[in-house]
Amino acid sequence: MTQEKWGLLRNKLLKAIGRNNYTTWIEPLEFKELQDGVAVFSVPTNFMGNYVSQNFADLILYELNTAGETVQRLDFRVAANSPARPKPAVDTPPVAKPEPVAAPSEDPAQDTLESLQAAPLDSRFTFDSFVVGKPNELAHAAARRVSEGGPVTFNPLVLYGGVGLGKTHLMHAIAWELKTKHPGLNVLYLSAEQFMYRFVQALRERRMMDFKHLFRSVDVLMVDDVQFIAGKDSTQEEFFHTFNALVDQNKQIIISADRAPGEIKDLEDRVKSRLQCGLVVDLHPTDYELRLGILQNKVQQYSSSYPDLAIADGVLEFLAHRISTNVRVLEGALTRLFAFASLVGREIDMELTQDCLADVLRASERKITVEEIQRKVSEYYNIRLSDIIGPKRLRSYARPRQVAMYLCKQLTSRSLPEIGRRFGGRDHTTVMHGVKRIEELKLTDGQIAEDVEMLRRSLEA
Ligand SMILES: Nc1ncnc2c1ncn2[C@@H]1O[C@H](COP(=O)(O)OP(=O)(O)OP(=O)(O)O)[C@@H](O)[C@H]1O
């Protein structure tokens, strides 16, 4: 891509994000090069790279690709001659998913194991910085076990789970740990996409022997986002052979995927069954406690960079409640908050939070349904769903029913008549009475207050 083209694209960005944002965040970017799908920009500070990557990366990628460039990733590098600045919020720039493996060299002859291993793992992704909670404790324990580097007990280890739940973080943590404990081990981490890239390149250059030798000489192979090779027949085949060769030599393999191997569409059965041979563990969606723990952890990291910034009580709890999509979004929200607060020199309170994160909060607003509430309440009180909706007037059904009506009023935008209709065609005055009754009981009956709170939490998690 030429500088002129970047100049034209900047004008589009100006229109899209407005003059203020443009002047602050886009204008200082200097386009350096576009190579192997990575567009490199020079930025004055880590902080700025971090911010742009979080807030405008998608837009920039979209504009670049719409303009006919093939760009998968942006890389923001601090200009070597930048003036010294106060330490930024985080040490390394990319907050959009960091791509830890360096772009492949132009000359395939240089693709030695050493060159692959010299690729930077993300220094933030260690076990120390990984917060463990119920949803990820099994995956964490398995990762820990593999990172000890003892005899191979399960092979492969497959970590799977939704977007941004910590799969890459755990893989890097394993790699760091192995490299520290066993510096002699050849540990190779790469994305499935990189695997394919190298394979295709080796084919093109007629260097398949080198390729095979390279991949068969590792002691620990980690392939991230393996779903990427689904439907790519020759890459799958090569992956299958590499996999078998390493397992035969008792070398550890660690794989990540966005879903269980059996559910990856267009992945060959033989590859699926190989992946299922070892230990397959999933990272569950985060719960409230885990999100809060991650936020607290992050704030602690930030506090050394921003000793003067205060965060008001309740803000982290609010974020943990409201942003339940994925950890990347949660971290992004916090980084943005710190950025804004430091720019305007204000405490991070609820008002600033609501202002600064309006878009994120809107996007992550989860719609809780009446049916979901009815189901959760019936499970909680151990009664049948039909008893919540049906006509029975026994206290053991009527009270849970009122709790469910109260939660519907609080957590959904349904009107009283609508709620009544979904509770077996009851009148809106019955719903109103139920809601009022629970409001009163919450003040006098500790058990009801606790029940309502527990249910609300589990519905909002
Ligand atoms: N339990 C956790 N403790 C601390 N940080 C976490 C945790 N889980 C996720 N993160 C952070 O969330 C971000 C996203 O995590 P990561 O890139 O590992 O997700 P992923 O599961 O690989 O996502 P993808 O599906 O996009 O590949 C990273 O910055 C990571 O450090």
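Here the structure is a predicted model, which is why all the values come from computation and not from measurement.

Student: Tell me about the environment of Ala 192, and name the residues and values.
Tutor: Within the element layout of this structure, Ala 192 appears in helix 8 (residues 192–204). Sequence separation between Ala 192 and Ile 229 is 37 residues; the distance between their C-alpha atoms is 6.5 Å.

Student: With reference to specific residues and values, describe the sheet that holds strand 1 (residues 30–35).
Tutor: Two pairing modes exist for strands in a sheet, parallel and antiparallel, and in both the strands are linked by backbone hydrogen bonds. The mixed open sheet is built from three strands, whose spatial order is 1-2-3. Two strands in the sheet have a free side with no partner beyond their single neighbour: strand 1 and strand 3 (73–78). Recorded for the sheet is a direction-independent mean angle of 25° between the axes of neighbouring strands. Two elements, strand 2 (residues 38–43) and strand 3, share six bridges in a ladder whose sense is parallel. Within strand 3, the residue paired with Val 43 across the bridge is Val 78.

Student: So what about the UniProt feature "binding site: ATP" (unreviewed entry) in the chain? Which residues, and what values?
Tutor: Feature annotation in UniProt assigns "binding site: ATP" (unreviewed entry) to the following positions: Gly 164, Gly 166, Lys 167 and Thr 168. Secondary-structure assignment places Lys 167 in helix 7 (residues 167–181). For Lys 167, a relative accessible area of 7% gives the class buried. In contact with Lys 167, other than residues within four places in its own chain, are Leu 159, Tyr 160, Gly 161, Gly 162, Ser 256, Ala 257, Asp 258 and Leu 283. From its side chain, Lys 167 meets the backbone oxygen of Gly 161 in a polar contact 2.8 Å long. The class of Thr 168 is buried, set by a relative accessible area of 6%.

Student: Describe the pattern of salt bridges, naming the residues involved and giving the relevant values.
Tutor: Summed over all chains, the structure comprises 24 salt bridges. With a closest N to O distance of 3.0 Å, Asp 75 and Arg 77 form a salt bridge. Take Asp 75: its relative accessible area is 16%, and that puts it in the buried class. Residue classification places Arg 77 among the partly exposed residues on the basis of a relative accessible area of 43%.

Student: Which residues make up the packing of aromatic side chains, and what values do they have?
Tutor: Under the definition given, this model contains 12 aromatic pairs. Measuring from centroid to centroid gives 5.7 Å for Phe 31 and Phe 41, while their planes differ by 65°, and the two rings are edge-to-face. Here Phe 41 lies in strand 2 and Phe 31 lies in strand 1, a separation of 10 residues in the sequence. We classify Phe 31 as buried; its relative accessible area is 3%. Seen from their ring centres, Phe 41 and Phe 76 are 5.7 Å apart, and the 25° between their planes marks the pair as stacked. Of this pair, Phe 41 sits in strand 2 while Phe 76 sits in strand 3, and the two are 35 residues apart along the sequence. The class of Phe 76 is buried, set by a relative accessible area of 4%. The rings of Phe 195, Phe 199, Phe 211, Phe 215, Phe 239 and Phe 243 are connected pair by pair, giving a single aromatic cluster. Geometry around Phe 228 places Lys 232 over its ring, the cationic atom sitting 3.9 Å from the centre. The lysine or arginine in question, Arg 270, covers the ring of Phe 240, its NZ or CZ lying 4.2 Å from the ring centre.

Student: Break down the nonpolar core for me, citing the residues and quoting the values.
Tutor: With 51 residues, the main nonpolar core has Leu 29, Phe 41, Ile 60, Leu 74, Leu 319, Leu 334 and Leu 337 as its most contacted residues. Counting residues per element, this core draws most heavily on helix 14 (residues 327–344), which supplies seven residues. Setting aside chain neighbours within four positions, we find Leu 337 in contact with Val 315, Leu 319, Ile 348, Leu 352, Thr 353, Cys 356 and Leu 357. Phe 211, Ile 255, Ala 260 and Leu 267 belong to the second-largest nonpolar core, a separate cluster that totals 30 residues.

Student: Mind laying out the sheet that holds strand 8 (residues 279–283), listing which residues take part and the relevant values?
Tutor: The strand order 5-6-7-4-8 describes an open sheet built from five strands, whose pairing is parallel. Only two strands of the sheet have a single partner each, and these edge strands are strand 5 (187–191) and strand 8. Neighbour-to-neighbour, the strand axes of this sheet turn through a mean angle of 15°, independent of strand direction. Summarising the sheet, strand 4 (residues 157–161) and strand 8 pair through five bridges and their orientation is parallel.

Student: Report on the side chain of Lys 167, specifying residues and quantitative values.
Tutor: Despite its burial, Lys 167 pairs with no opposite charge; the closest candidate is Asp 225, at 5.3 Å N-O. Of the polar contacts made by the side chain of Lys 167, one reaches the backbone oxygen of Gly 162; its length is 2.8 Å.

Student: Quick rundown of the confidence of the model for the chain? Include the residues and the values.
Tutor: Residues with a pLDDT of 70 or more make up 90% of the chain, whose mean pLDDT is 85. Note on residues 83–111: pLDDT is under 50 here. Beyond four places in sequence and across chains, it has 71 contacts. Here the predicted complex carries an ipTM of 0.98, next to a pTM of 0.63.

Student: Before we move on, could you go through the environment of Ala 404 and cite the residues and values that matter?
Tutor: You can see Ala 404 is positioned in helix 19 (residues 395–411). Using a relative accessible area of 0% as the deciding quantity, one classes Ala 404 as buried. Taking the C-alpha atoms as reference, Ala 404 lies 8.2 Å from Ile 388; in sequence the two are 16 residues apart. Setting aside chain neighbours within four positions, we find Ala 404 in contact with Ile 373, Val 377 and Phe 423.

Student: Describe the packing of helix 17 (residues 370–380) against helix 22 (residues 446–460), naming the residues involved and giving the relevant values.
Tutor: Look at helix 17 against helix 22: their axes get within 11 Å of each other, and the N-to-C directions meet at 130°. Put simply, helix 17 runs oblique to helix 22. Considering the relative orientation of helix 17 and helix 22, their crossing is right-handed. Seen from helix 17, the contacting residues are Glu 372, Ile 373, Lys 376, Val 377 and Tyr 380; seen from helix 22, they are Asp 451, Met 454, Leu 455, Ser 458 and Leu 459. Its residues assigned to classes, the contact of helix 17 with helix 22 comprises six nonpolar, one polar and three charged.

Conventions adopted
- Residues numbered from 1 in each chain as written.
- Predicted model: local features only at pLDDT ≥ 70, side-chain atom pairs only at ≥ 80, totals over all residues.
- Heavy atoms only, no water.
- Helix = DSSP H or I, 4+ residues; strand = E, 2+ residues; numbered from the N terminus.
- Pairing = 2+ DSSP bridges.
- Axes fitted to C-alpha atoms, helices over the stretch in contact; angles between N-to-C directions.
- UniProt positions renumbered as here; feature names shortened; annotations may be inferred.
- Buried < 20%, exposed > 50% of the residue type's maximum accessible area, 1.4 Å probe, protein only.
- Contact = heavy atoms within 4.5 Å.
- Polar contact = N/O pair within 3.5 Å; in protein donor to acceptor, adjacent residues only side chain to side chain.
- Salt bridge = Lys/Arg side-chain N within 4 Å of Asp/Glu carboxyl O.
- Phe/Tyr/Trp six-rings, centres within 6.5 Å; stacked < 30°, edge-to-face > 60°.
- Lys NZ or Arg CZ within 6 Å of the ring centre and 35° of its normal.
- Core = buried A, V, L, I, M, F, W, Y, C linked by side-chain atoms within 4.5 Å.
- Lys, Arg positive; Asp, Glu negative; His and termini not counted.
- pLDDT = per-residue confidence, 0-100.
- Parallel < 35°, antiparallel > 145°, perpendicular 65-115°, else oblique.
- Left-handed = near helix turned anticlockwise from the far one by under 90°.
- Nonpolar A, V, L, I, M, F, W, Y, C, P; charged D, E, K, R; others polar.

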